[in-house]
Each structure stands twice: as C-alpha cells, then as structure tokens.
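# Geometric and topological summary
As a plain string of letters, each chain reads:
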Amino acid sequence: MHLSSQQQQDLAFQAYQIRRLSLEMIAFSQWGHIGGSFSMAELLAVLYFHEMTLDPQRPHLPTRDRLILSKAHGSPALYAALALRGFMPTERIYTYCEPDGLEGHTHIDSAPGIENSGGPLGMGLSVAVGMAMGLRKKENPRSRVFCVLGDGECNEGNVWEAAMSAAHYHLDNLIAIVDYNKAMAKGFVWDLMSIEPFADKWRAFGWQVLEIDGHDLDAVASALHQARWLMPNGKPIVIIAHTVKGKGIEQAEFNYKWHTHAPDPDTADAMLREVSRTYGYPEEGYSRLTKQFQKDVFYGGE
Amino acid sequence: MAENNDNESGDASLRDAFGHTLLELGHRHDNLIFLDADLHTSTKATGFKKRFPDRFVQVGIAEQNLFGMAAGLALEGFTSMPSTFAAFAARRALDQLAISICFPKLNVKIPGSYCGIPTSRAGASHNCIEDLAVMRSLPNLLVADPGSNADLRAVMHTAMNTPGPVYFRVTRYAVPELFGPDHEFVWGRGETLREGADVTLFGTGIMTWFCLDAADQLAREGIDAEVIHLASVKPIDRTLIVQSLSKTGCAVTAENASIYGGLGDAVSEVLTDEWPAPVQRIGVRDKFVESGGIDELFARHLMTPTDIAKAARLALSRKVRREVLI
C-alpha cells in the first residue's frame, strides 16, 4: 500500500510542524536535543497522523495503540506530535522543562498521550514488552505497542534482555522502531561502540526485521502497514529506520555537536527559516521574536 | 536469640510466610502478576506458579528487564510483583526501579528476598545490607521490613491495597511470632511491644525479636527498656518515636542492614528534627558481610541481643552525661 499524494503532502506538513515546534520549545527552554528530535519527525508524523489508533479526547481509550519513546530525550518531537494531534494546547510546549510543565524527558504526568516515564537509555523496550504482554493477558487483540529506540541506546544490555523476552513470549503486537541516525552524544556510533551487523542481531534474537529510509514517508507508512497486516506470525517486529541526525538544518545534520545544544534566539530564528525553505513552506522565524508571541505567551493573548 | 534459623528443611521462616501469603493474594487479587527472575524456589513463589500459571511470568536472569516489564504490566492496569533477591533489586535494577516505576508511581509491589545477613553462606554478593538505604531514598516508594510471619502477611495485604510502588523485605530467617493472626499493618504506624521508662529499643525486621531478647537481659539488671517495632521504615512513625523518647530520653536502633541510611538514620532524623537525644545504632558498620554461619555473622557484626543490650547501656550513660552537662 502506498500513500496518496494528498496523504504525502499532509504528513510532510506534520513532519515539518513537528520540527518547528521541537525547535521552538528547545530554543525557548534553552535545553533539549535537536538532532534526535529532527531525525524521527517523519516517523512520528506517520505514526501519529496515519498509523496509530488514537483519540485525543480519550487518551486512555482501551483499544488505542501505545507508543513508548525509549529514546526519551527526543521528547520535544513527541510533545510536538501530541500537541499537533490535539492531545494538548500548542501553547503548552512553552512549558517544556519548566516545573509542572513538560518534563525534559518524557514523563507520564506531563501530558495526555504520554504512556510512561523514561530518560535513562535502554529501558523503554522492557516497558513496551510488559505492555504488550499485558494487552495479551487482557485479551486485547486490537492494540499494538510501538517502541521508538535510538541507535546509541542499543549499546545498553537492557535492550537485548527485552529483545530476548519479546521473542520468547511471541509478542507480535510489539513493533520496535529504531531511529538509526548514526550519531550519539559524543561521536558516531561506529566510532564509539559499533552496533553492526544490526539487523542480524535482531534476527538472531528472534525478531522480524524491516529496513527503511526513515525520512521517506511512503516507506515508513508501507513498513508500518506491512507490520500491521502481513507480518504478525508470532515474532516481534523491528523497523530499522535509517535517518539523519538533525535532518532539516544543514549545520546540525549528521553533527553530534547538535545532539544536546540549544540555539540562541537569533540562531533559532535562522534555523527555523532554513527549515521552512528546506521543506518548501513560507519562511517563518522564531515566534519568540514576534510581538504577537510575547502577547500570547506572557500576557495570555490579551 | 532465635536458634531456629531457616534452613532447607525449616518451614517457619519469613520467606515461607511470603509463599503462603502470595497464594492468598493470588486468590484475592485477580490482577496480580508475579514476575520471577529464575529464583522462585528460593523466594518460595512455587505455590503461586503452580496455582496461577497464567499470572506467573518467568523473565529469566535479567533483573533490568524484570523491573521494566513490571512497569509495563502496571501501566496496563495490573498490579505487578517483580521478585528477586534484595541485592539485585537494590543494585542491579535501581535505575529501572527509580524511573520506570517510582517516578510514575506505578502499582508495583517489590519483595526484596534474602535481605540482610541471613542468606545461608552466599557471602557479600548476596548479603544485601544497602537496600533499606537505597529504597528509602527513592521518592514515591514506601518501605517496610516486617518482623514476623504475621507481620509480613499483614504488610503484603496492606501493600496490595496501597496505590503506588512498595518495597518490602523478606528474610530467610525464622523468628517467634510477635503478633496475633488478626494483626494489621498500617503505613507510618509503629507498634509498642513492651513498655519501659529507661531506654527505647527500636527494631525493624527480624531485629525486633533481638530487641525483645535484649530487653529481657536489661530487665535482669533493673533497666526498664521499651521495645518499639517499626516495620514501616518509610513513612516512619514520627509521633511514636518522639513520644517514647520524651519518656525514655535515649534509644538504640537495630536493623538487619547497614547502619547507613536505614532505620537508625530514619529514627535519628526524626530525633534531630524534633527531640535531640542520644541514639546508638546496631547494624552492619560499613563492611561487606562475607560468607559464614548466620549466628556467627550476627555475632561478628555485633548485632546480637547482647550487643543491643550493651548499646542500650551506652545510650543510658550518654543520657546521664547529657543531663549532668545541662
């Protein structure tokens, strides 16, 4: 199954918006991870606007699909996707990293639609395994559990403990997606700790593996469709999505120096304009620089 | 001192009570899922495994995954019980416990089996003395160290009815029963087992029994010791601690754990805040507990009833000196 051109356009716009809002919240809070948020913008756009069964009005809908963001430092992209999907007002992104606001790493109390609390790497897949098993025990055949992992966190032993158990319990309602953006905090994966042969590792652990270009909306949607309808046969599924860290901003692309780095307002403005140009939308800068934004956020829109 | 140490033929230790109560909980709570990391015959969960195979999950020797899966099951509405030795719960899977379970306040009940000194002869790797300190430092986590079989049973029933994460210790040791069959456990409530006027002996876990023994020894010398059992280590019964100290003026704490961060510190914190008084702490004094016979180890680490009585005399002497100074 392929996306129609209208669907492609719509999803591309959502991916663009996820990047914009991620950068807005990182620049505004002066903390966060641009590289890992930008690399999974298409993945989250397809999941939240095409693939997953969700109801923003009923975030605890029993038949919903669940998503665990194991690479929880990518929280800006997830908060952005949830805001765009209607789980919370968009202005809430400006509470990122503030007390009682959106927690720096995903936290269940931060926003409706966040399923767990995370941060330390390598832990999310175990939680997803527990949820997938819980769904089976509750005889819920509709819901699936998606778990988005980073490539670097696959250095963690906990990931492979979880992988082993998911295959042991035949959890084919579990779909792991690795945002394979090739860069970690302080260097490239192959320099710091090689994970290749990566697909073979998952296969050896009893998983079915799909490999795709994680920025190709149609490829992402097709892989998820395949995982949904064709693949379930008692094995958990992993989609290895090859991506570019910081995709959309030239100086951040494949650049681990933008793993954790918050731009100053002028840089944020230039970066946001660049993102607009890259994805072919009317140029729009950093909203904090506008008078309207200051009115909206600081004076409640009066 | 209790000589009926649990051994392979014994059937009265706290871990046996754990196994029996676990079956009760299985019958009473349909949504309880027990997760095991290849230790169920040691932790005495085999009965539950046989009776409720659908709610018994084997995760293999993988404690990080054990706690992560427990979080996932709790997120799906189950009450999960990830079970391993205290050493591995407190050390191996601490990050998972803190962030996947305690931060989101999930309904996970954690038995720390083989806590403290009595672990047969396994040695420093398995004799877990840091769990009270570690667990007490985690926000949202309640901590209990029950002192007898009826107490453990009460703790487990209360834990199941308490929302959020709970850590409770299960000891591979047998002590005489402290309570009747109708005993109830309430978070933050201590139990005065013996009233006295001269010194308060605060015990938790199996050490409360040692405190009662010490109180008998002290009585023979004319020292009137009060014995208070604090199974609820967090939250702790601040009112009872202050009430007792306002009467006795000095205290000894005794725990089957390190003197750092556990009961001794919890009691001292209350007294520092509200009623400064001399406190002597009985527990493992900054050492790894290496292999040995159980009674031999209690003696080696100066944790016998006789040591508690000795500490009480020291506390009493400091109380006198303080009054002289004032």
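By the naming in an unreviewed UniProt entry, chain B is Transketolase-like pyrimidine-binding domain-containing protein, taken from Spirosoma montaniterrae. UniProt annotates chain B under Cofactor (unreviewed entry) with the comment "thiamine diphosphate". The Sequence similarities (unreviewed entry) comment attached to chain B in UniProt states, word for word, "Belongs to the transketolase family."

This part covers the pattern of salt bridges. Tallied over the entire structure, the rule returns 27 salt bridges over all chains. Taking the shortest distance from any N to any O, the salt bridge between Arg273(A) and Asp269(A) comes out at 3.0 Å. Placement of the pair is Arg273(A) and Asp269(A) together in helix H10 (residues 265-279), with a separation of four residues, close to one helical turn. Notably, a salt bridge pairs Arg169(B) with Asp131(B), separated by 2.9 Å at the nearest N-O pair. Linking Arg169(B) in strand S6 (residues 166-170) with Asp131(B) in helix H7 (residues 131-136), this pair joins segments that are 38 residues apart in sequence. With a relative accessible area of 0%, Asp131(B) lands in the buried category. Shared partners join several salt bridges into a network, and the residues in it are Glu51(A), Asp65(A), Arg144(A) and Arg228(A).

Okay, H10(A) next. Residues and elements named next belong to chain A. When the terminal C-alpha atoms of H10 are compared, their 21 Å separation across 15 residues agrees well with the 21 Å that a helix rising 1.5 Å per residue should span. Taken together, the buried positions of H10 are Ala268, Asp269, Met271, Leu272, Glu274, Val275 and Ser276. Buried residues along H10 sit against helix H1 (5-29) and helix H2 (34-38). The N-capping residue of H10, defined by a side-chain oxygen 3.1 Å from the backbone nitrogen of aspartate 266, is aspartate 264. Positioned one or two residues after H10, glycine 280 has a phi angle of 75°, which is positive.

With that settled, the discussion passes to helix H5 (residues 124-137) of chain A. All names here are of chain A. With 14 residues, H5 should reach 20 Å at 1.5 Å per residue; the first-to-last C-alpha distance of 20 Å fits that figure. Of all 14 residues in H5, twelve are buried, a share of seventy percent or more. When H5 is considered as a whole, its buried residues turn out to be Gly124, Leu125, Ser126, Val127, Ala128, Val129, Gly130, Met131, Ala132, Met133, Gly134 and Leu135. Phi turns positive, to about 55°, at glutamate 139, one or two residues after H5.

Right, let's get into the sheet that holds strand S3 (residues 174-180) of chain A. What links the strands of a sheet is backbone hydrogen bonding, and the strands pair in either a parallel or an antiparallel sense. Residues and elements named next belong to chain A. If you walk across this open sheet you meet the five strands as S1-S2-S3-S5-S4, and the pairing is parallel. Each edge of the open sheet is held by one strand with a lone partner, namely strand S1 (66-69) and strand S4 (208-213). The average angle at which neighbouring strand axes cross in this sheet is 20°, direction not considered. Note: strand S2 (residues 145-150) against S3, six bridges, orientation parallel. Bridge pairing in S3 places valine 145 opposite leucine 174. Set on the sheet, H5 makes contact with S1, S2 and S3; between it and S2 the angle comes to about 170°.

Next up on the list: the interface of chain B and chain A. Across the contact, 23 residues belong to chain B and 27 residues belong to chain A. Between chain B and chain A, the buried area comes to about 2,000 Å², and carbon and sulfur atoms account for 62% of it. One can count three salt bridges joining chain B with chain A. Here Glu76(B) and Arg66(A) are joined by a salt bridge, their closest N and O atoms 2.7 Å apart. Here chain B is connected to chain A by nine residue pairs in polar contact (both at pLDDT 80 or more). Elements with a contribution of two residues or more to the side of chain B that touches chain A: strand S2 (56-58), helix H4 (63-75) and helix H6 (94-102) of chain B. Take the side of chain B that touches chain A: its biggest share by element is nine residues, from H4(B). When the residues that make up the side of chain B that touches chain A are grouped by side-chain class, the tally is eleven nonpolar, seven polar and five charged.

Residues and elements named next belong to chain B. When you line up the elements, serine 232 lands in strand S10 (residues 232-234). Using a relative accessible area of 1% as the deciding quantity, one classes serine 232 as buried. For serine 232, the side chain forms a polar contact with the main-chain nitrogen of glycine 188, separated by 2.8 Å. Dropping the residues within four chain positions of it, serine 232 is found in contact with Val143, Phe185, Val186, Trp187, Gly188 and Arg189.

This part is about the domain arrangement of chain B. Residues and elements named next belong to chain B. Domain annotation for chain B reports domain 1 (14-170) and domain 2 (191-318). Using C-alpha coordinates to define each centre, domain 1 is positioned 26 Å away from domain 2. On the side of domain 2, 34 residues touch domain 1, which itself brings 26 residues to the contact. Counting the surface lost from both domain 1 and domain 2, the interface buries some 2,300 Å², and carbon and sulfur atoms represent 59% of this. Of all residues in domain 1, Ile117, Ile129 and Arg136 give up the largest surface area on contact with domain 2, accounting jointly for 34% of the area buried on that side. Counting across the domain 1 and domain 2 interface gives one salt bridge. Two residues, glutamate 269 and arginine 136, come together in a salt bridge whose shortest N-O distance is 2.8 Å. Here domain 1 and domain 2 share 20 residue pairs in polar contact (both at pLDDT 80 or more) between them. Those elements that provide at least two residues to the side of domain 1 that touches domain 2 are H7 and strand S5 (142-144). Of the residues assigned to the side of domain 1 that touches domain 2, the class counts are 16 nonpolar, five polar and five charged.

Conventions used here
Residues numbered from 1 in each chain as written. Chains lettered and ligands numbered in written order. Predicted model: local features only at pLDDT ≥ 70, side-chain atom pairs only at ≥ 80, totals over all residues. Heavy atoms only, no water. UniProt positions renumbered as here; feature names shortened; annotations may be inferred. Salt bridge = Lys/Arg side-chain N within 4 Å of Asp/Glu carboxyl O. Helix = DSSP H or I, 4+ residues; strand = E, 2+ residues; numbered from the N terminus. Buried < 20%, exposed > 50% of the residue type's maximum accessible area, 1.4 Å probe, protein only. Expected span 1.5 Å × (residues − 1). Contact = heavy atoms within 4.5 Å. Polar contact = N/O pair within 3.5 Å; in protein donor to acceptor, adjacent residues only side chain to side chain. Pairing = 2+ DSSP bridges. Axes fitted to C-alpha atoms, helices over the stretch in contact; angles between N-to-C directions. Buried area = accessible area lost by both parts, 1.4 Å probe. Nonpolar A, V, L, I, M, F, W, Y, C, P; charged D, E, K, R; others polar. Domains from an automatic or database assignment.

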